[in-house]
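Here's the letter readout for the chains.
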Amino acid sequence: MDNQGMPMASTSSYTKIQYLQRQAASLLLYQSVLQGEVGMAFLELLQAIRYTDADARGCLQAYGSYFHVLAAKNQNWEDYLITQILFCENPFTRLAQAREFEDLPPALIAAVHHDLQILQSLYKCSSAFLSEWIQGVAHLPISPVVWYKEQELAGVETKFTTYLQELDNWGDAVEELATYYQQCGSGLFAEYRAFRWQAGQFIGIRYSDPIKLSALVGYESQRDALLKNTEFLLAGEMALHVLLYGSRGSGKSSLVKSLLNEYSHRNLRLLEVSKSDLKDLPEIVEHLRGVSQKFIIFVDDLSFEEDDDAFKALKVVLEGNLTARPQNVVVYATSNRRHLIREFFVDRPAPKDNEEIHAWDTMQEKLSFSDRFGLTLTFEPANQKTYLKIIQHLAAQAEINITQEDLEFQALQWATRHNGRSGRTARQFVDFLKADLTLFHANNNTSNT
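Analysis parameters
- Residues numbered from 1 in each chain as written.
- Predicted model: local features only at pLDDT ≥ 70, side-chain atom pairs only at ≥ 80, totals over all residues.
- Heavy atoms only, no water.
- Helix = DSSP H or I, 4+ residues; strand = E, 2+ residues; numbered from the N terminus.
- Buried < 20%, exposed > 50% of the residue type's maximum accessible area, 1.4 Å probe, protein only.
- Contact = heavy atoms within 4.5 Å.
- Axes fitted to C-alpha atoms, helices over the stretch in contact; angles between N-to-C directions.
- Nonpolar A, V, L, I, M, F, W, Y, C, P; charged D, E, K, R; others polar.
- Pairing = 2+ DSSP bridges.
- 1 Å grid on protein atoms, 1.4 Å probe; cavity = no way out; pocket = protein on both sides within 12 Å on 5 of 7 lines; lining within 4 Å.
- Points joined across faces, edges and corners; volume = space filled by probe spheres on them.
- Parallel < 35°, antiparallel > 145°, perpendicular 65-115°, else oblique.
- Left-handed = near helix turned anticlockwise from the far one by under 90°.

Draft legend 1. Structural context of the environment of Lys-389. For Lys-389, the location among the structural elements is in helix H16 (residues 384-397). Lys-389 sits in the partly exposed class, given a relative accessible area of 41%. In this structure, the C-alpha to C-alpha distance between Lys-389 and Ala-426, residues 37 residues apart in sequence, is 9.6 Å. Ignoring sequence-local partners within four residues, the contact set of Lys-389 consists of Val-217 and Glu-220.

In structure tokens:
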């Protein structure tokens, strides 16, 4: 204590801070754990308070930045550190997914053992400790506010977090950590469930479409066939590439997206690839080879123009080449066209000079491209019975309380005035009706009061 009764930072504390800095600098494989916003703010705070003559104002600013990034991430320092370990991408995490623990290089295991011990030391440097340290350095009457929230990790993450918290020496967790990576993967594919390929890289989608299988009705045989094929993929069997063909708004895309919400807990991932990026498809597939997760490459609204490079790239993936096809990747594509390559009357072969002799064969190859998908699921336009069945199902889920007669009358009127009978039209109608009824009841309650 100083003569004003405020806590003073001891020499041993300065030594501890400097020791932690040296420890952080000596990480061999897990440097990326400290390269995010929170990690950088933590290191900058250590740098600000490492000297006995540290500037109080600079220390307070560094602590404020550290507090701010934790609040923005909505995570405690300890939880952040562990999730970064679990999602880290490095030579060990990648190799642990592909090999048994006994087959990993001893030097790699020794490096992980070393890094985990260091990360344990950093884990123990809690926000509460740093707040008290700032109080002493800045001569404050009370310590700064400590960021803290209740732990909200889920599933396997919670189990592994608890395991580490109960372990005296994190260096003993190397084999357990390797098992985690083998089961759950690492990096972006462990952190996110849905992705898009953009500008030559994978982009994680934090808020994927929440559509569930239970919300889809009317095409049960197509749904069951797609589920069975997806089960093959998840079981490690050779699943078929699938073309979902049919009318607009029939639920083809929704059915594919719903698979993610049905099976993500079984390591299924959904990767959206736009038609303009299909030329990268062979490269994408090679990136996914050997990864522990199972991937559906989702191509929506597929069609091709003449001499399209995307056509050639997709053909390579569907038919294969000398490189073996990975069993953890499958293509699910939707299209409104049965023949995926646009055909014009001028394309049809006619006996003219300077024309390809086997032009008919060429045209047939293009028209039969959809046959290269192992499974084609056809979605016919919804008739009135199917449309009303979808309406009743969605209305029951939305808890819309009107008579069936009134519901069906309004639904048919909506289809006539809008986009015809389809699952999409049914969803739009039910969403509108629910909002309209909710607002009506709210206005009535306001009037009555």
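There is more to say after this.
Draft legend 2. Highlighting the packing of helix H4 (residues 77-87) against helix H9 (residues 174-184). Running from N to C, H4 and H9 point in directions that differ by 65°, and their axes come no closer than 10 Å. Residues Ile-85, Leu-86 and Phe-87 of H4 pack against Leu-177, Tyr-180 and Tyr-181 of H9. Classifying every residue of the contact of H4 with H9 gives six nonpolar, no polar and no charged.

Draft legend 3. Structural context of the sheet that holds strand E3 (residues 242-246). As summarised here, the arrangement of the seven strands in space is E2-E1-E4-E5-E6-E3-E7, forming an open sheet in which the pairing is mixed. Whereas interior strands pair on both sides, the edge strands pair on one side only; in this sheet they are strand E2 (201-205) and strand E7 (375-379). Averaged over all pairs of adjacent strands, the angle between their axes in this sheet comes to 25°, without regard to strand direction. Examined bridge by bridge, strand E1 (residues 194-198) and E2 share five bridges and lie antiparallel to one another. Directly across from Gln-198, in E2, lies its bridge partner Gln-201. Sitting on the sheet, helix H11 (residues 220-234) is in contact with E3, strand E4 (268-272), strand E5 (294-299), strand E6 (329-335) and E7, with an inclination near 150° to E7. The strands touched by helix H12 (residues 252-263) are E1, E3, E4, E5, E6 and E7; relative to E4, the strand with the most contacts, the crossing angle is about 145°.

Draft legend 4. Spotlight on the layout of surface pockets. When its volume is computed, the second largest pocket comes out at roughly 560 Å³. Lining of the second largest pocket is provided by 29 residues; of these, Gly-249, Ser-250, Gly-251, Lys-252 and Ser-254 occupy positions nearest its centre. Among the secondary structure elements, those contributing two or more residues to the lining of the second largest pocket are H11, H12, E6, H16 and helix H18 (423-448). With five residues, the single largest contributor to the lining of the second largest pocket is H12. In terms of residue class, the lining of the second largest pocket is built from nine nonpolar, 10 polar and 10 charged.

Draft legend 5. Structural context of the packing of helix H2 (residues 37-48) against helix H3 (residues 56-73). Relative orientation of the contacting elements H2 and H3 amounts to 160°, with a least axis distance of 9 Å. Considering their axes alone, H2 and H3 lie roughly antiparallel with respect to each other. The chirality of how H2 crosses H3 is left-handed. Taking contact as the criterion, the partners of Glu-37, Val-38, Ala-41, Phe-42, Glu-44, Leu-45 and Ala-48 in H2 are, on H3, Gly-58, Cys-59, Ala-62, Tyr-63, Ser-65, Tyr-66, Val-69, Leu-70 and Lys-73. In the contact of H2 with H3, the residues fall into 11 nonpolar, two polar and three charged.

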